[in-house]
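Here is what each chain is made of, one letter per residue.
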Amino acid sequence: MWGQSVLAPLADLFDSPEGQHSLVVLDVDHLTRINEELGRERGDELLADVEVELATFLTEATSARWTGDQYLVLFPHTESRRAASLMRAFMAHLNRPSHAVRYSLSGGGSTSPTDGTSNRELVAACATALATAKARGRAQVLWTGSAND
Amino acid sequence: MLTSLLPGLRQIRAPLSSGFVWLVALWLLAEPLIDRDSEVGDTLSSMAEVLGSASGIGIGAAWTFVAYLLGSLSMGTLVPLLRRLLDKQWLRGDRSSVATLQGLSVRTRVKLQAMLEFTDANIDVLIREHLAESRSRRQGALAWLVARARARWGRPAGEPEQLAMAPSSKIATSLTSATPGVSRPSPLPETESDDELARLREDRISASLMSELEEVAVSRLLGKEAELYGEWDRERAEVEFRLALAPAVVLLAIAIVVRVPDFWWWAPIVAALIAWGLIRDAARSEDLAQTIVIVALANDRVQSPAIERLTVAAQVGSRYGQEAEIIRSVTRTASGDFTNAVAGLEHLFASEAANAQRSVELVDVAASSFRAGDDLFDPVAQRHGEVAVRELADVAQAWLDVIDGKGAPTFDAQSRLRVAQVHHARFLQAIREQLERVTTTVTEATGPTPPGDPVPPSPRAEK
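The sections below set out a description of the structure shown in this document.

Calculation rules
Residues numbered from 1 in each chain as written. Chains lettered and ligands numbered in written order. Predicted model: local features only at pLDDT ≥ 70, side-chain atom pairs only at ≥ 80, totals over all residues. Helix = DSSP H or I, 4+ residues; strand = E, 2+ residues; numbered from the N terminus. Buried ≥ 20, exposed ≤ 12 C-beta atoms within 10 Å, placed from the backbone. Contact = placed C-beta atoms within 7 Å. Core = buried A, V, L, I, M, F, W, Y, C linked by C-beta atoms within 7 Å. Nonpolar A, V, L, I, M, F, W, Y, C, P; charged D, E, K, R; others polar. Expected span 1.5 Å × (residues − 1). Pairing = 2+ DSSP bridges. Axes fitted to C-alpha atoms, helices over the stretch in contact; angles between N-to-C directions.

**Regarding the overall build of chain B**
Each helix and strand counted, chain B has 15 helices and 0 strands in total. Counting across all 463 residues of chain B, residues that qualify as buried make up 40%. Long-range pairs, those at least 24 residues apart, make up 82% of the contacts in chain B with a sequence separation of at least 6.

See the structure below:
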């Protein structure tokens, strides 16, 4: 909880203005419905599974569960295009049929200094992109800038 | 000098003139009945001798005194009766002055409605509580006169077309019930149309104005509009003079018939014609006197006590009513913003952490909404509001610290949200009590208000 393993390093990164850093906020789609249909225990297992998948697949990133069903992923010294590309690969990985419970994630990403120069600004930009991703049908990660292309 | 003497001369003219006529008539009737050899005859002879030894001026003064006594006696007894008859049967009401009065009533009604538009104060209650009801048959008859003039002539110039409709039976019933001997006004009947209700209100105002015309003349015109008061006083003196003479002339005619039987056929006719003419003239003068006061009222030369009472009550109702409405509005906004902010912060804990920035903004909005009521809220409500917002601000700040990477909150944020909600509930309770106090003030000023929504605001929930 609280995502400090991501947010504290992110704050430290802003101490040196050089380089680009990307942040992604992920949200599990339809978790409430999964909890209702499969039970809360399976829902909790799913949340733990997302944490493991993030840690094992995105080795260049630092990830952490934030609150509820949201996760933070920090790509230090990574420009938006590369971070977006890595996130698309991760989403494809989740779609493999080997997973016991099929689920999807929606996400919003932002990159400093284009989208902000502080934790608050990047988180706010991620929230906006996340809301857009949900509005467009979920199961996708959208970026604030041009990295969506 | 002469101007100040004239009212005094008018005062003695009516009793003196009528007194002389009474004296002559009574003498004609009584003189044949007096036995000069009786004690009464002796007494009268003695009195004649005493008068005979006096000068011509002395004799005149003595008879003048007796005439004045007789005239005063008749004015105290017969004139009030004749005035009642005059009001009931003879007053026609000058068309333009009744139209002017109606116009004044329309203006007053529109002004009151505008003042009370955004308040809980009820204009009908205000009219009922603050307008004098017809306290005599005369005043009741005057109220009836307004309605009758309206029915006969339709709307006054400038009055909206719909007011020209003939009075409905409900209005007629209401006006008749408000006439004689009723100490309190009958409740305004429920009407089917706003136009009828507006007209009913105007009729009530007209009736009250009519009933206060004499009071306006004596208490407002006198001193402020000396010239107008002089005119009014002159017309009223003419009324008194004619009403005082009429019964004396009738008695004189009877006396002539008794003393001179040859005149039996024409003396009563002449007397009746003279009396009729006098009363007719009295009615015309009374109409003129009323017109003078009505025009003075319509031109704002003087203010009617009825309109003053209504306006003051409406001002109080309007001020407190608007204050209550503003308090309700600000409370509703602040409470809604508070609820939104709590919902936003709760969502952060549950799942929507990414919307932290928006939730923090909602807290800022709630804080500024509460600040908007700083000068309006009762101190207790203000204190609870401040605590509620402060708790939210602490939780929001804790979230900003989380996002800034400064670590988890050092307190139980969820319980702080509960504390904020408790203070919000107490804030609402204090506002309800404040509004009840305001409502009491409005009620004291304008009369009881119909049941409405005395409490503020159910919190809105946008999220």
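**Some words on the environment of Arg 13 of chain B**
Looking at where Arg 13 of chain B falls in the secondary structure, it is placed in helix H1 (residues 2–30). Along the primary structure Arg 13 of chain B and Phe 241 of chain B are separated by 228 residues, whereas in three dimensions their C-alpha atoms are 7.1 Å apart.

**Description of the nonpolar core**
Counting residues in hydrophobic clusters, the biggest one holds 77 residues, and the most contacted among them are Val 24, Leu 72, Val 73 and Cys 126 of chain A together with Ala 366 and Leu 392 of chain B. Ranked by residues supplied to this core, first place goes to helix H12 (residues 305–350) of chain B with 10 residues. In this structure, Cys 126 of chain A is in contact with Leu 23, Val 24, Val 25, Gly 108, Gly 109 and Ser 110 of chain A together with Ala 354 of chain B, ignoring residues within four places of it in sequence. Counting 60 residues, the second largest nonpolar core, distinct from the first, contains Ala 25, Leu 86, Ala 99 and Ile 279 of chain B.

**Description of the interface of chain A and chain B**
For interface size, the figure often reported is the accessible area lost on association. Each partner contributes to the interface: chain A provides 20 residues, whereas chain B provides 16 residues. Of all elements in the fold, only helix H1 (4–13) and helix H5 (119–135) of chain A reach the threshold of two or more residues within the side of chain A that touches chain B. With 7 residues, the single largest contributor to the side of chain A that touches chain B is H5 of chain A. Across the side of chain A that touches chain B, the residue classes break down as 12 nonpolar, 6 polar and 2 charged.

**A short note on helix H14 (residues 379–403) of chain B**
All names here are of chain B. Its 25 residues place the ends of H14 36 Å apart at the C-alpha level, agreeing with the 36 Å of an ideal helix rising 1.5 Å per residue. Among the residues making up H14, those that are buried are Ala 381, His 384, Gly 385, Ala 388, Val 389, Glu 391, Leu 392, Val 395, Ala 396, Trp 399, Val 402 and Ile 403. One or two residues past the end of H14 sits Gly 405, with phi positive at roughly 80°.

**Notes on the sheet that holds strand S3 (residues 70–75) of chain A**
All names here are of chain A. Pairing in this open sheet of 5 strands is mixed, and the strands run S2-S3-S1-S4-S5 from one edge to the other. Because the sheet does not close on itself, it has two edges, and the strands there are strand S2 (62–65) and strand S5 (141–143). Looking at each pair of strands side by side, their axes are set apart by 20° on average, direction ignored. Inspection of the sheet shows strand S1 (residues 21–28) paired to strand S4 (residues 105–112) by 8 bridges, in the antiparallel sense. Its bridge partner being in S4, Asp 27 is matched across the sheet by Ser 106. Seen against the sheet, H1 touches S1, S2 and S3 and runs at an angle of roughly 135° to S2.

**Re the pairing of S4 of chain A**
All names here are of chain A. Among the 8 residues that make up S4, 8 are buried, leaving the element largely enclosed by the rest of the structure. Burial along S4 is two-sided: the face carrying Leu 105, Gly 107, Gly 109 and Thr 111 and the face carrying Ser 106, Gly 108, Ser 110 and Ser 112 are both buried. With 3 bridges connecting them, S4 and S5 associate as parallel partners. Considered in S5, the bridge of Gly 107 is made with Val 141.

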